There are 2 protein chains.
Amino acid sequence: MPYFDAASAAPLHPVARQALLAALDEGWADPARLYREGRRARLLLDAAREAAAEAVGCRPDELVFTSSGTTAVHAGIAGALSGRRRVGRHLAHSAVEHSSVLHAAAAHEADGGSVTEVPVDRSGAVDPAVYGDALRADTALACLQSANHEVGTEQPVAEVGALCAEAGVPLLVDAAQSLGWGPVPAGWSLLTASAHKWGGPAGVGLLAVRKGVRFAPRGPAGERESGRAPGFENLPAIVAAAASLRAVRAEAAAEAVRLRALVDRVRSVVAERVPDVEVVGDPERRLPHLVTFSCLYVDGETLLHELDRREFSVSSGSSCTSSTLTPSHVLRAMGVLSEGNIRVSLPPGTAGADVDRFLEVLPGVVAEVRERLGAPGAPLSPPRSPAPAASLVVDALGRRCPIPVIELAKVIGEVPVGATVTVLADDEAARLDIPAWCEMRGQEYVGEEPADRGSAYVVRRLG
Amino acid sequence: MPYFDAASAAPLHPVARQALLAALDEGWADPARLYREGRRARLLLDAAREAAAEAVGCRPDELVFTSSGTTAVHAGIAGALSGRRRVGRHLAHSAVEHSSVLHAAAAHEADGGSVTEVPVDRSGAVDPAVYGDALRADTALACLQSANHEVGTEQPVAEVGALCAEAGVPLLVDAAQSLGWGPVPAGWSLLTASAHKWGGPAGVGLLAVRKGVRFAPRGPAGERESGRAPGFENLPAIVAAAASLRAVRAEAAAEAVRLRALVDRVRSVVAERVPDVEVVGDPERRLPHLVTFSCLYVDGETLLHELDRREFSVSSGSSCTSSTLTPSHVLRAMGVLSEGNIRVSLPPGTAGADVDRFLEVLPGVVAEVRERLGAPGAPLSPPRSPAPAASLVVDALGRRCPIPVIELAKVIGEVPVGATVTVLADDEAARLDIPAWCEMRGQEYVGEEPADRGSAYVVRRLG
């Protein structure tokens, strides 16, 4: 049963399992205690910290273990902002950071701080020059992920790091998606990661803070992990996390080459065999194991279900798969299609045959879902007689993604070239997907106008 | 090798180990995902929540899993204070709460809130009437542990809960030490606990918030656990925690009777065989498995080391065993002796023979340490000739616990009845231990006076 969602969580690495079992026996006691069980736990904790620090590329006393990648990000951002409060209260981050960064930024803003969201290009990457322009005299912290969790695009961490260093601003790099594949390039001041993304257990995050970075932990004081992560250390999981990080790193170079080839295959075969598809993310500067694409006229949830029925586990950034019914903020920031979105992220060891089978199954599944939704065929039908209307309004109010786009595609052929179709819609995804459709179809997106309910999206037929 | 520090951490219960292993295979995926691995994880999470809620005595939707008991306490206190901010910013808690409560209270105070610490009696319990008096019109939250983690004394939770209900103040009960033994009596509005105290794995805490209690999570928003515990759920550990809670509860009634008898034996034999010892904590209203005593003229760290050499693992609230060189805040609040302090907390299954061996070994170890320190014998020597000095000053500046008390005991016989000995000391423990020594020895503690360095503690010889 092929599981292609390693970017969410990876199955436990065999080394992690083994280390966890050993540490359950040897490392359950309180490492702060003076008796033998405590001393044994302390030795394990120290060894795990050294191993993790070596993989991160920092000193052991710069690294603490947190209870998750999310808490590492929250603690790192809050601590750096507090530590540099005298400098100012401005925070910069890319528009495609993990939600833990966005939530920490929102909390900072609610608390009176200011935030700049640095935009990304259509591939999902920030432009270092644009990032550099966002740095101000009162910037306390800059955040940039090493690679994006939804589309795999690598960020120019070294370049942004250099600009931050010049400006005297510490850079926090969220390396959750990439740390298993290799160390983050120099230039970071704070680094965060999450063990269950590299095959370690859940319940362990890393927070590294370079010596010399001003850092003042927020919230109630803590006696453990240098006061940077409250609560009793989850030692067996920490030991397993460190052991598996070392193990996946040993296999990373070879496995990256193999998975990169599989992902290249997905990128080209999907574009070839599935009509009306947009493969997103940078084709070169990207994580080795991750590829994302969006299919016009398809809803992501149905697609997920159909693939699940055929035993493929993938995820989606489409609005219909989120609890808030909004498309992924990453796809939105990139300005790419969000409907029928599928993220494939291959765990280490993925069999090529499973990927081939996925590529065989996918086109049929997409076609089936499109047919069920009454999606229009690819070629634009010539204007029907009688004479076409000068312009049309389509009412898609109350209809969810991908229906507004399907309705648009159905009638665009009915207006003459140069005339417009206005789509009334209140589904959040329409704001992203109607312009994306225009881009894919070579039609002109005129813009969005306010309406009594929802919005009016105006499209001009060009061809 | 007898491990007698269950109140710090307990070895993993066999049921927890089994559940953990199963859940590592079945529950590693993201329970928020729609594919089969995610749905399987969701089922496990829901079942664990139901089992834990049943043991706590609440609805499943009132309970979330946190990453530790400490984070449960921090989140519970912060959320309740935020939720009731309009009522006021006053927080009440007992003086003997776990450090996580004290740290949260200190953070609240630093943030402009007000805090009342409710004192305890010599047994470590709050008086409900005194607690009731601490409740004010602007009290947003009251905190009271179910039982103390250092001396085992049970708190009058039901009585304080009734007073809180009358005053309309929610009561947060930290049940970390007692939840494995049974549910907390009615009267709580919020409840916290920690799995590794009952034989579950590290990395899991519980936070229950009764419906109707105003609660506003603080810090960055979270998408999991009702927004009350950020980060990816540590599902295998959660499953193991819930399974072991059910398992220890099934054995709790019988095991409590057995351990209570063993602890009674420790209480009486220690008092009988070790001279100059104070057994502390309520002898009746107490946890079944925990007993604490302090030995005059002994330093806790040496005692721990000597017991560890003989393969007994116990902990201590003496100042010399803490990183801050201050005696435990619990012993301080109780006003009992802190030097030579030992806490014995028996894990379920402790063999009676191990306890017997401990009781055989202990008196000799204490005597040995005392001899090494030159501690005075028990009977007060008659005044030496020539005629005794009218009063004496002993300079113990720069000397650590238990030396100031030993120096006092050495010279008290040299002054006439009615005269005083003044001990100059700058060790924090002296403030607690000199009055405690007076109490134990039937001498009068006159008081503490400022001095050039440290303090001057004045003792009057009564007999």
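For every chain, the first residue of its written sequence is number 1, and the numbers climb from 1 along that sequence. Chains carry letters and ligands carry numbers; both start at the beginning, A for chains and 1 for ligands, and go up in the order they are written. Note on the predicted model: pLDDT of at least 70 is required for a residue's local features to be given, and 80 or more for side-chain atom pairs to be given and counted; whole-chain, interface and lining totals, by contrast, use all residues. Side-chain metrics in this entry use all non-hydrogen atoms of the structure; hydrogen atoms and water are not considered.

Draft legend 1. Representation of the overall build of chain A within the structure. The helix and strand labels rest on DSSP assignments: H or I over at least four residues marks a helix, E over at least two residues marks a strand, and numbering proceeds from the N terminus. When helices and strands are counted, chain A shows 12 helices and 14 strands. The globule rule used here is 2.2 Å times the number of residues to the 0.38 power, and the radius of gyration it is set against is calculated over C-alpha atoms. Here the C-alpha radius of gyration of chain A, 24 Å, is about what a compact globule of 463 residues would show, namely 23 Å. Dimensions along the principal axes, computed over C-alpha positions, put chain A at roughly 90 × 50 × 35 Å. Categorising residues by exposure relies on relative accessible area from a 1.4 Å probe, with only protein chains included: less than 20% of the type maximum marks a residue as buried, more than 50% marks it as exposed, and the intermediate range marks it as partly exposed. Relative to its 463 residues, chain A shows a buried fraction of 58%. Within chain A, contacts between residues separated by at least 24 positions form 73% of all contacts whose residues are at least 6 apart in sequence. Note on definitions: a residue-residue contact is assigned when non-hydrogen atoms from the two residues lie within 4.5 Å.

Draft legend 2. A look at the pattern of salt bridges. Salt bridges are defined by distance alone: a side-chain nitrogen of Lys or Arg within 4 Å of a carboxyl oxygen of Asp or Glu. Going through the model one piece at a time under the given rule, you end up with 68 salt bridges over all chains. A salt bridge links B:Asp5 to A:Arg33, with the nearest nitrogen and oxygen atoms 3.6 Å apart. Here B:Asp5 is found in the segment before α1 (14-26), whereas its partner A:Arg33 is found in the loop between α1 (14-26) and α2 (36-56) on a different chain. Given the relative accessible area of 0%, B:Asp5 is considered buried. Since its relative accessible area comes to 26%, A:Arg33 is described here as partly exposed. One salt bridge connects B:Glu368 with B:Arg372, and the closest N-O pair in it is separated by 3.1 Å. On the criterion of helical spacing, the pair formed by B:Glu368 and B:Arg372 is a turn pair, its members being 4 residues apart in helix α10 (residues 352-373).

Draft legend 3. Structural view of the domain arrangement of chain A. Residue and element names in this part refer to chain A. An automatic or database domain assignment is the source of the domain bounds shown. For chain A, the assigned domains read domain 1 (14-248), domain 2 (252-373) and domain 3 (392-460). Computed from C-alpha atoms alone, the centre-to-centre distance between domain 2 and domain 3 is 25 Å. Between domain 2 and domain 3, the residue contacts involve 19 residues of the former and 16 residues of the latter. Once two parts are put together, the accessible area they lose, assessed with a 1.4 Å probe and summed over both, is termed the buried area. Summing the contributions of domain 2 and of domain 3, the shared interface buries around 1,500 Å²; its carbon and sulfur component is 68%. Its largest share of buried area at the contact with domain 3, domain 2 owes to Tyr297, Glu339 and Leu373, together 33% of the area lost on that side. Where domain 2 meets domain 3, there are 1 salt bridge.

Draft legend 4. Representation of the packing of helix α11 (residues 403-411) of chain B against helix α12 (residues 428-441) of chain B within the structure. Residues and elements named next belong to chain B. To obtain each axis, a line is fitted to C-alpha atoms, and for helices this fit is confined to the stretch in contact; angles are then taken between N-to-C directions over 0 to 180 degrees. Taken N-terminus to C-terminus, the directions of α11 and α12 make an angle of 35°; their axes are 9 Å apart at the nearest point. Read as a crossing pair, α11 and α12 show a hand that is right-handed. Residues Val405, Leu408 and Ala409 of α11 lie in contact with α12, whose contacting residues are Asp433, Ile434 and Trp437. Residue composition of the contact of α11 with α12, by class: 5 nonpolar, no polar and 1 charged. For any pair of crossing helices, the crossing counts as left-handed if the nearer helix is rotated counterclockwise from the farther one by less than a right angle, and right-handed if it is rotated clockwise. For this classification, Asp, Glu, Lys and Arg are treated as charged, while Ala, Val, Leu, Ile, Met, Phe, Trp, Tyr, Cys and Pro are nonpolar and the rest, including Gly, are polar.

Draft legend 5. Summary view of the interface of chain A and chain B. In this complex, chain A contributes 54 residues to the contact, which on the side of chain B involves 53 residues. The tally of links from chain A across to chain B stands at 8 salt bridges. One salt bridge connects A:Arg17 with B:Asp25, and the closest N-O pair in it is separated by 2.8 Å. Whenever two N or O atoms come within 3.5 Å, that pair is a polar contact, provided that in protein one can donate a hydrogen and the other can accept it, and provided that, for residues adjacent in sequence, both atoms are side-chain atoms. Linking chain A with chain B are 21 residue pairs in polar contact (both at pLDDT 80 or more). Sort the elements by how many residues they give to the side of chain A that touches chain B and α1(A) lands first, with 5 residues. Residues that form the side of chain A that touches chain B fall into these classes: 24 nonpolar, 16 polar and 14 charged.

Draft legend 6. View of the sheet that holds strand β11 (residues 392-395) of chain B. Residue and element names in this part refer to chain B. If you walk across this open sheet you meet the 4 strands as β11-β12-β14-β13, and the pairing is mixed. The open sheet has two free edges, formed respectively by β11 and β13 (444-450), since each of these has just one partner strand. Across the sheet, the mean angle separating the axes of adjacent strands is 20° when strand polarity is ignored. The sheet contacts of α12 involve β12 (420-425), β13 and β14 (455-460), and relative to β14 the element is tilted by about 0°. Note on pairing: two strands pair once DSSP finds at least 2 bridges between them.

Draft legend 7. Focus on the sheet that holds strand β8 (residues 277-280) of chain A. Residue and element names in this part refer to chain A. Strand order in the open sheet made by the 3 strands is β8-β9-β10, with antiparallel pairing throughout. With partners counted over all chains shown, the strands left at the sheet margins are β8 and β10 (341-345), one partner each. The mean inter-strand angle of the sheet, taken between neighbouring strand axes irrespective of direction, is 20°. Pairing of β8 with strand β9 (residues 290-295), which is carried by 4 bridges, proceeds in the antiparallel orientation. Its bridge partner being in β9, Glu278 is matched across the sheet by Ser294.

Draft legend 8. View of helix α2 (residues 36-56) of chain B. Every helix has an expected span of 1.5 Å times one less than the residues it contains. Compared with the 30 Å implied by 1.5 Å per residue over 21 residues, the 30 Å span of α2(B) between its first and last C-alpha is a close match. Of the surrounding elements, those touching the buried residues of α2(B) are α8 (300-309) of chain A together with α1, β1 (63-66), β6 (190-194), β7 (205-209) and α7 (235-273) of chain B. B:Gly57, located one to two residues past α2(B), shows a positive phi value of around 90°.

Draft legend 9. How the structure looks around helix α4 (residues 99-110) of chain A. Residues and elements named next belong to chain A. Under the 1.5 Å per step criterion, the end-to-end length of α4 is 16 Å for 12 residues, consistent within 8% with the ideal 16 Å. Every buried residue belonging to α4 is among Ser99, Ser100, Val101, Leu102, Ala104, Ala105 and His108, and all of these are buried. Looking at the buried positions of α4, the neighbouring elements they touch are α3 (69-83), β2 (90-94), β3 (114-118), β4 (139-145) and α9 (329-334).

Draft legend 10. Region of the structure containing the environment of B:Gly132. Note that B:Gly132 resides in helix α5 (residues 128-134). Along the primary structure B:Gly132 and B:Ala53 are separated by 79 residues, whereas in three dimensions their C-alpha atoms are 29 Å apart.

Draft legend 11. Region of the structure containing the UniProt feature "domain: UPF0033" (unreviewed entry) in chain A. UniProt positions are given in the numbering used here, feature names are shortened, and annotations may be inferred rather than shown by experiment. UniProt's feature table lists "domain: UPF0033" (unreviewed entry) at residues 394-418 of chain A, given in the numbering used throughout. Along residues 394-418 of chain A, the helical share is 36% and the strand share 8%, with 17 Å between the first and last C-alpha atoms.

Draft legend 12. Up close: the pairing of strand β13 (residues 444-450) of chain A. Residues and elements named next belong to chain A. Of the strand pairs in this sheet, β13 and strand β14 (residues 455-460) are connected by 6 bridges, and their pairing is antiparallel. Note on β14: the bridge partner recorded for Pro450 is Ser455. Here β13 hands over to β14 after 4 residues, with Gly454 in that stretch at a positive phi of 65°.

Draft legend 13. Structural detail: the relation of the copies chain A and chain B. By a simple turn and slide, chain A fits onto chain B: the slide is 0.0 Å along the axis, the RMSD is 0.1 Å, and the turn is 180°. Both chain copies can therefore be described as sitting about a two-fold axis. An overlap of 98% is found between the interface residues of chain A and their copies at the interface of chain B, pointing to a shared contact surface. The copies were overlaid by least squares, fitting only the C-alpha atoms of residues that reach a pLDDT of 70 or more in each copy.

Draft legend 14. Molecular detail of the packing of α1(B) against α7(B). Residues and elements named next belong to chain B. Look at α1 against α7: their axes get within 8 Å of each other, and the N-to-C directions meet at 150°. Between α1 and α7, the interaxial angle falls into the category roughly antiparallel. Crossing angle aside, the handedness with which α1 passes α7 is right-handed. Judged by residue contacts, Val15, Ala16, Ala19, Leu20, Ala23 and Leu24 of α1 engage Pro236, Ala237, Val239, Ala240, Ala243, Ser244 and Ala247 from α7. Across the contact of α1 with α7, the residue classes tally to 12 nonpolar, 1 polar and no charged. To sort the angles, those under 35 degrees are grouped as roughly parallel, those over 145 as roughly antiparallel, those from 65 to 115 as roughly perpendicular, and the leftovers as oblique.

Draft legend 15. How the structure looks around the packing of aromatic side chains. For Phe, Tyr and Trp, rings pair up if their centres lie within 6.5 Å, where Trp contributes its six-membered ring, and each pair is then called stacked (planes under 30 degrees apart), edge-to-face (over 60) or tilted (otherwise). Within the structure shown, the criterion is met by 10 aromatic pairs over all chains. Summarising the aromatic geometry, the rings of A:Phe4 and A:Phe358 are spaced 5.8 Å apart at their centres and angled 85° between planes, so their arrangement reads as edge-to-face. Of this pair, A:Phe4 sits in the segment before α1 while A:Phe358 is found in helix α10 (residues 352-373), placing the two residues 354 residues apart along the sequence. In this structure A:Phe4 comes out as buried when scored by relative accessible area, which is 1%. Owing to a relative accessible area of 0%, A:Phe358 belongs among the buried residues under this scheme. Here A:Phe312 and A:Phe358 contribute two aromatic rings whose centre-to-centre distance is 5.4 Å and whose plane-to-plane angle is 70°, an arrangement assigned as edge-to-face. Highlighted residues: A:Phe312 in the loop between α8 and α9 and A:Phe358 in helix α10, separated in sequence by 46 residues. Like A:Phe358, A:Phe312 is buried. Taken together, the ring pairs connect A:Tyr3, B:Trp28 and B:Tyr35 into an aromatic cluster. Sitting above the plane of the A:Trp188 ring, A:Arg210 keeps its charged end 3.8 Å from the centroid. Whether a charge sits over a ring comes down to the Lys NZ or Arg CZ being within 6 Å of the ring centre and within 35 degrees of the ring normal.

Draft legend 16. Quick peek at the side chain of A:His13. Inspection of the secondary structure assignment puts A:His13 in the segment before α1. Those residues in contact with A:His13 that sit more than four places away from it in its chain are A:Gly199, A:Ser244, A:Ala247, A:Val248 and A:Glu251.

Draft legend 17. Main features of unusual backbone geometry. All names here are of chain A. The linkage connecting Cys401 with the following residue, Pro402, adopts the cis geometry, with an omega of 5°. Looking at the element boundaries, Pro402 is found in the loop between β11 (392-395) and α11 (403-411). The phi dihedral of Ser226 is positive, around 55°, even though this residue is not glycine. On the accessibility criterion, Ser226 (57% relative accessible area) is exposed. One non-glycine residue, Tyr297, adopts positive backbone phi at about 65°. Secondary-structure assignment places Tyr297 in the loop between β9 and α8. Relative accessible area serves as the criterion here: at 1%, Tyr297 is assigned to the buried category.

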